Amino acid sequence: MPKEVFGRGYDFLPKDAVLSFEECARLARVFVSLGVEKVRLTGGEPLLRRNLDRLVAQLAALDGLRDLTLTTNGSRLVEQAPALRAAGLRRLTVSVDALDDATFRAMNDVDFPVQRVLRGIDAALAAGFAPVKINMVVKRGVNDHEVAAMAERFRGRDFILRFIEYMDVGNSNGWRLDDVVPAAEIIARLGKMEPLAPNYTGEVARRFRQRDGGEVGVISSVTQPFCGDCTRARLSADGQLYTCLFASRGHDLRTPLRTGASDVELAAIIRAVWRVREDRYSEIRATLPQREPKAEMSLLGG
Ligand SMILES: C[S@@+](CC[C@H](N)C(=O)[O-])C[C@H]1O[C@@H](n2cnc3c(N)ncnc32)[C@H](O)[C@@H]1O
């Protein structure tokens, strides 16, 4: 969320436009009834939502949900990790784009030092979240010199490290293909590693075992798109269903939710959207003509 776009004066959503925890949990229950097994809380920054552990508790209680996880910038984990764990969160991903503070700030444009994130990761481990997943987005000329240092810092069984190709999500990050460090190049920089089989069909990361048992993976959505295997539905904070990370528009679930639709009716709306989805942006980005603006990453969560 670059400050020149989302700075002071930015017109954020009014509170009543945002789904309540009860509304989120109800929609999650409907999604689970349709076969969804995994929910990830993301953002924006999910830990900025007050009392998020209460939403976690409601989601953790859903029958049929097998996996509940959260992606965070880690800035508030020291305070919140124990409550999130107690509420039933089982897994955690923390974004760490560099270990060197100047590089970290150049990537993220945030007002806190990387040390605070590292302390947050320690707090998460202490709260019982091992292994913590670490996401590093790799941008050429900005933080790619830290790839090996990150692999060294986050090796061992406490961590699962993911290197992510820098993606052209949204319109505000000034993306250029030249900024992307291809996953193959990242793997080459890490030296010899043992490839691991996917955990499940559609897993977005290609995984490897590090020499001491730790795991690293690469997510190559630019150089090797995986649209055909993508099963992710994204729900924005204001209740829009997006069928692709690169979509321009969502499908409104908030209006039916707030005007009396039953769970069965909500399920029918979701099913109707999902059945006809044809998204394959990452496979065809090079051939696409100029389109309407894409939704921002901060709305869709990654
Ligand atoms: C959008 S963030 C939201 C959650 C939280 N605020 C965080 O920082 O992790 C989710 C993930 O997307 C990653 N991400 C953001 N912009 C990206 C881009 N242009 N390409 C690839 N990954 C990106 C972030 O680094 C983070 O790991």
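Draft legend 1. Just the packing of helix 3 (residues 52-60) against helix 4 (residues 77-87), in detail. Taken N-terminus to C-terminus, the directions of helix 3 and helix 4 make an angle of 20°; their axes are 8 Å apart at the nearest point. In terms of their interaxial angle, helix 3 and helix 4 are classed as roughly parallel. The interaxial crossing formed by helix 3 with helix 4 has right-handed handedness. Between helix 3 and helix 4, the residues in contact are Leu 52, Asp 53, Val 56, Ala 57 and Ala 60 and Ala 83, Leu 84 and Ala 87, respectively. Along the lines of polarity and charge, the residues of the contact of helix 3 with helix 4 split into seven nonpolar, no polar and one charged.

Draft legend 2. Representation of the pattern of salt bridges in the model. For the structure on display, the rule yields 20 salt bridges. Notably, a salt bridge pairs Lys 294 with Asp 168, separated by 3.7 Å at the nearest N-O pair. Within this pair, whereas Lys 294 is found in the loop between helix 11 (281-284) and helix 12 (297-300), its partner Asp 168 is found in the loop between strand 5 (159-165) and helix 8 (183-190), the two being separated by 126 residues in sequence. Asp 168 shares its class with Lys 294; the two are buried. Because the salt bridges share partners, they merge into one network encompassing Arg 140, Asp 144, Glu 185 and Arg 189.

Draft legend 3. Structural detail: the sheet that holds strand 8 (residues 215-219). Spatial strand order, 1-2-3-4-5-8-7-6: eight strands in an open sheet with mixed pairing. For this open sheet the edge positions go to strand 1 (38-41) and strand 6 (194-196), each flanked by a neighbour on one side alone. In this sheet, adjacent strand axes meet at a mean angle of 25° when their direction is disregarded. Two strands pair when backbone bridges link them, and strand 1 and strand 2 (residues 67-72) are joined in this way by four bridges, in the parallel orientation. Paired with Leu 41 across the two strands is Leu 70, which belongs to strand 2. The sheet contacts of helix 6 (residues 114-126) involve strand 3 (91-95), strand 4 (132-138) and strand 5, and relative to strand 3 the element is tilted by about 170°.

Draft legend 4. Structural view of the packing of aromatic side chains. Applying the stated criterion to the full structure yields five aromatic pairs. Ring geometry for Phe 104 versus Phe 112: centroids 6.1 Å apart, planes at 55°, classification tilted. Residue classification places Phe 104 among the buried residues on the basis of a relative accessible area of 1%. The class for Phe 112 is buried, based on a relative accessible area of 9%. Taken together, the aromatic side chains of Phe 6, Tyr 10 and Phe 12 make up a single cluster linked through ring pairs. If you follow Arg 85 out to its NZ or CZ, it ends over the ring of Phe 129, 5.0 Å from the centre. One cation-aromatic arrangement involves Arg 277 over Trp 274; the distance from NZ or CZ to the ring centre is 3.9 Å.

Draft legend 5. Fine view of helix 2 (residues 21-33). With 13 residues, helix 2 extends 18 Å between its outermost C-alpha atoms, agreeing within 8% with the 18 Å of an ideal straight helix rising 1.5 Å per residue. Within helix 2 the residues assigned to the buried category are Phe 21, Glu 23, Ala 25, Leu 27, Ala 28, Val 30, Phe 31 and Val 32. In this structure, the buried residues of helix 2 make contact with helix 3, strand 9 (234-235), strand 10 (240-242), helix 9 (254-258) and helix 10 (263-275). Remark: Gly 35 follows helix 2 within two positions and exhibits a positive phi of approximately 115°.

Draft legend 6. Quick look at the packing of helix 4 against helix 6. In contact at an axis separation of 8 Å, helix 4 and helix 6 are set at 20° when each is read in the N-to-C sense. With respect to each other, helix 4 and helix 6 are oriented roughly parallel. By crossing handedness, the relation of helix 4 to helix 6 is classed as right-handed. Between helix 4 and helix 6, the residues in contact are Leu 77, Val 78 and Ala 81 and Arg 119, Gly 120, Ile 121, Ala 123 and Ala 124, respectively. For the contact of helix 4 with helix 6, the class distribution of residues is six nonpolar, one polar and one charged.

Draft legend 7. Fine view of the pairing of strand 3. Note that strand 2 and strand 3 share four bridges and pair parallel. Residue Thr 69 lies in a different strand from strand 3, and its bridge partner there is Arg 91. Tracing the backbone out of strand 2, into helix 4 and back to the parallel element strand 3 gives a crossover that is right-handed. One ladder, built from three bridges, connects strand 3 with strand 4; its direction is parallel. Residue Thr 93 lies in a different strand from strand 4, and its bridge partner there is Lys 133.

Draft legend 8. Geometry of the site of the ligand. Around the ligand, a shell composed of 17 residues is seen, among which Gly 44, Glu 45, Ser 95, Asn 135 and Met 167 lie nearest. Gly 44 places a polar main-chain atom, nitrogen or oxygen, 2.7 Å from a nitrogen atom of the ligand. Between a nitrogen atom of the ligand and a main-chain N or O atom of Met 167, the distance comes to 2.8 Å. Compared with its free state, where it exposes 550 Å², the ligand has 84% of that area covered by protein. Mapped by element, the contributors of at least two residues to the shell around the ligand are strand 2, strand 4 and strand 5. Partitioned by chemical class, the residues of the shell around the ligand number five nonpolar, ten polar and two charged.

Definitions and limits used
- Residues numbered from 1 in each chain as written.
- Predicted model: local features only at pLDDT ≥ 70, side-chain atom pairs only at ≥ 80, totals over all residues.
- Heavy atoms only, no water.
- Axes fitted to C-alpha atoms, helices over the stretch in contact; angles between N-to-C directions.
- Helix = DSSP H or I, 4+ residues; strand = E, 2+ residues; numbered from the N terminus.
- Parallel < 35°, antiparallel > 145°, perpendicular 65-115°, else oblique.
- Left-handed = near helix turned anticlockwise from the far one by under 90°.
- Contact = heavy atoms within 4.5 Å.
- Nonpolar A, V, L, I, M, F, W, Y, C, P; charged D, E, K, R; others polar.
- Salt bridge = Lys/Arg side-chain N within 4 Å of Asp/Glu carboxyl O.
- Buried < 20%, exposed > 50% of the residue type's maximum accessible area, 1.4 Å probe, protein only.
- Pairing = 2+ DSSP bridges.
- Phe/Tyr/Trp six-rings, centres within 6.5 Å; stacked < 30°, edge-to-face > 60°.
- Lys NZ or Arg CZ within 6 Å of the ring centre and 35° of its normal.
- Expected span 1.5 Å × (residues − 1).
- Right-handed = clockwise from strand over helix to strand, strands pointing away.
- Near = heavy atom within 4 Å.
- Polar contact = N/O pair within 3.5 Å; in protein donor to acceptor, adjacent residues only side chain to side chain.
- Areas by Shrake-Rupley, 256 points an atom, 1.4 Å probe, with all protein chains shown as cover.

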